[in-house]
Amino acid sequence: MIKKLEVLGLVCPFPLVKAKQEISQLNSGDELVIDFDCTQATETIPRWAAEAGHHITHFEKTGPAQWSITLKKK
Amino acid sequence: MLFMVISGLATGTAFGFVCQRGRFCVTSAFRDLYLAKDSKMFIAFLIAITVQSIGLFTLSALNVAKIPTEPFPWLGVITGGFIFGLGMVYSGGCAAGTYYRAAEGLIGSITALITFMISAAVMKFGLLSQFTGEVLSVGYAKTTIYQTFSLSPWILVSILILVTGYLVWNYRKKEKKLYIPEMVPQRKGLNHLLFEKRWHPFITGILIGVIALAAWPLSLVTGRVGGLGITTPSANLVVFLVSGNYSVLNWPVFLVLGILVGAFAAAKLSGEFKFRTPDTKTMVHSLEGGVLMGVGASLAGGCSIGNGLVASAYLSWQGWIAIPSMILGTWAASYLIIIRPMRHPQITTPHQTQTSASN
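Rules used throughout
- Residues numbered from 1 in each chain as written.
- Chains lettered and ligands numbered in written order.
- Predicted model: local features only at pLDDT ≥ 70, side-chain atom pairs only at ≥ 80, totals over all residues.
- Heavy atoms only, no water.
- Helix = DSSP H or I, 4+ residues; strand = E, 2+ residues; numbered from the N terminus.
- Expected span 1.5 Å × (residues − 1).
- Buried < 20%, exposed > 50% of the residue type's maximum accessible area, 1.4 Å probe, protein only.
- Contact = heavy atoms within 4.5 Å.
- Disulfide = S-S within 2.5 Å.
- pLDDT = per-residue confidence, 0-100.
- Pairing = 2+ DSSP bridges.
- Axes fitted to C-alpha atoms, helices over the stretch in contact; angles between N-to-C directions.
- Salt bridge = Lys/Arg side-chain N within 4 Å of Asp/Glu carboxyl O.

## Concerning helix α12 (residues 231-243) of chain B
Residues and elements named next belong to chain B.
Phase 1 of the analysis: A rise of 1.5 Å per residue sets the reference length of α12, with its 13 residues, at 18 Å; its end C-alpha atoms lie 18 Å apart and thus fit the reference within 8%.
Phase 2 of the analysis: Among the residues of α12, Thr231, Pro233, Ser234, Ala235, Asn236, Leu237, Val238 and Phe240 are the ones counted as buried.
Phase 3 of the analysis: Tucked inside the fold, the buried residues of α12 contact α5 (95-102), α6 (107-124), α13 (251-269) and α14 (280-300).
Phase 4 of the analysis: A positive backbone phi angle near 70° is found at Gly244, which sits one or two residues after α12.

## Quick notes on the state of the cysteines
Disulfides are covalent bonds that link the sulfur atoms of two cysteine residues.
Residue and element names in this part refer to chain B.
Phase 1 of the analysis: Under the defined criterion, the tally for this structure stands at zero disulfides over all chains.
Phase 2 of the analysis: Looking at Cys19, it has no disulfide partner, and the nearest cysteine sulfur is the one in Cys94, 7.6 Å off.
Phase 3 of the analysis: Judged by relative accessible area, Cys19 falls into the buried class, the value being 2%.
Phase 4 of the analysis: Just so you know, Cys25 is unpaired, no disulfide at all, and the nearest cysteine sulfur is the one on Cys94, 6.5 Å from it.

## Concerning the confidence of the model for chain B
Phase 1 of the analysis: Averaged over all residues, the pLDDT of chain B is 93; the fraction at 70 or higher stands at 96%.
Phase 2 of the analysis: In this model residues 348-359 of chain B is a low-confidence stretch, pLDDT under 50, and it forms five contacts with partners more than four residues away in sequence or in other chains.

## Some words on the sheet that holds strand β1 (residues 2-7) of chain A
Residues and elements named next belong to chain A.
Phase 1 of the analysis: The sheet built from four strands is open, its strands ordered β1-β2-β4-β3 with mixed pairing. Strands with a single pairing partner mark the edges of an open sheet, and in this sheet they are β1 and β3 (55-63). Neighbour to neighbour, the strand axes of the sheet diverge by 15° on average, direction disregarded.
Phase 2 of the analysis: When β3 meets strand β4 (residues 66-72), the two strands line up antiparallel, connected through seven bridges. Following the sheet pairing, Glu60 is matched in β4 by Ser68.
Phase 3 of the analysis: The sheet strands contacting helix α1 (residues 14-24) are β1, β2 (31-36) and β4, and the helix crosses β1 at an angle near 160°.
Phase 4 of the analysis: Where helix α2 (residues 41-52) meets the sheet, it contacts β2, β3 and β4, and its direction lies at approximately 5° from that of β4.

## Description of the pattern of salt bridges
Phase 1 of the analysis: A full pass over the atoms with the stated rule returns 12 salt bridges over all chains.
Phase 2 of the analysis: Of the charged contacts in the structure, one is a salt bridge between Lys274(B) and Asp37(A), with a shortest N-O distance of 3.9 Å. Of this pair, Lys274(B) sits in the loop between α13 and α14 while Asp37(A) is found in the loop between β2 and α2, placing the two residues in two different chains.
Phase 3 of the analysis: Residue classification places Asp37(A) among the buried positions, given a relative accessible area of 5%.
Phase 4 of the analysis: Of the charged contacts, one joins Lys40(B) and Asp38(B) as a salt bridge, the two residues approaching to 3.3 Å between their closest N and O atoms.
Phase 5 of the analysis: Here Lys40(B) falls in the buried class, since its relative accessible area comes to 3%.
Phase 6 of the analysis: Of the residues examined, Asp38(B) reaches a relative accessible area of 15% and is grouped as buried.
Phase 7 of the analysis: Linked by salt bridges that have partners in common, Glu43(A), Arg47(A), Arg172(B), Glu175(B) and Arg198(B) make up one network.

Quick look at the structure:
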């Protein structure tokens, strides 16, 4: 299953807080696509995902101050 | 005057640039110890203090920097620090963080910056300046921790180096096993390094420490004893704008203007500038956070930079009591606006509180 989380306009730490909440509802192997525009989250989301053991399958800058990252739940 | 304008702007530009590219954030450093159980940004913050501290006592021995000698206004530092800590979680960034995020185009941060500047001016020079003065007059005569214990500052600097060094070593040991994927690079060479690559927070910490150190001798040339400072020059800027009085323009006024220039340049050149409007709730929090930060920083005689990063580097009571006070403030606010709403998701507006209380 692929779930999409749009947190445009939210500032840190909320993109990360929402991502954690959202991924806790998913099953192992499910994917979460997070679209965000908080600059600091480019640091915090990948680092949290790596520490929590979720696989980052895709990470790209989609426009001015806008990013998309896809995580596969551990 | 020309030296003041150029060196202030240049230091501010470098500071704003490094903050933006390095995603340096004192709010995150304090808040995430509790919220995310993550010490990475706090260690980066300690690195910045340590680097600055080593340099500062060296420069002071060479007579090119001067250690401040003001008494320690403990009442203001503790209460103001706590209020400032609350404010920076509400607004999503400390004083410096709010400057650089405003320059990234975040409307919430621009709002927080305006209310912060105005409330700092009200507290320092306006209606409430007498109250602020009275709170700040409750003090303890000795400025630094080493004066109280009649020690050489180098003993405390050595302890600081050992503690920071141990924390870095311990963090790096865990981190080495970690692979953090990066985006596919679109740029090359220096362009990639400056405007695209993810900077390790510890590298950012070193750079912030060096810039904070440079502020000391540069501002001393203009006759000001001190390092980086955000709150007083923000209030000065408001006074200048409404009075046209040029005498309030000192070195750190150009520093804070430089932060906007450096952060805007960094964001624009890396394609990270965009006006971003948050939802109403975030806007209201930003507005309130800015006011709390202005009040707190004025009562404490400094913000997360002036007290947290700078006063701590000359081993003052002001710095090392301000840090735990601000940390407690960030934890209290994190509980109120992040942790509690997550545990009780039904409490979203004050109107619904009553129904959820019966559950």
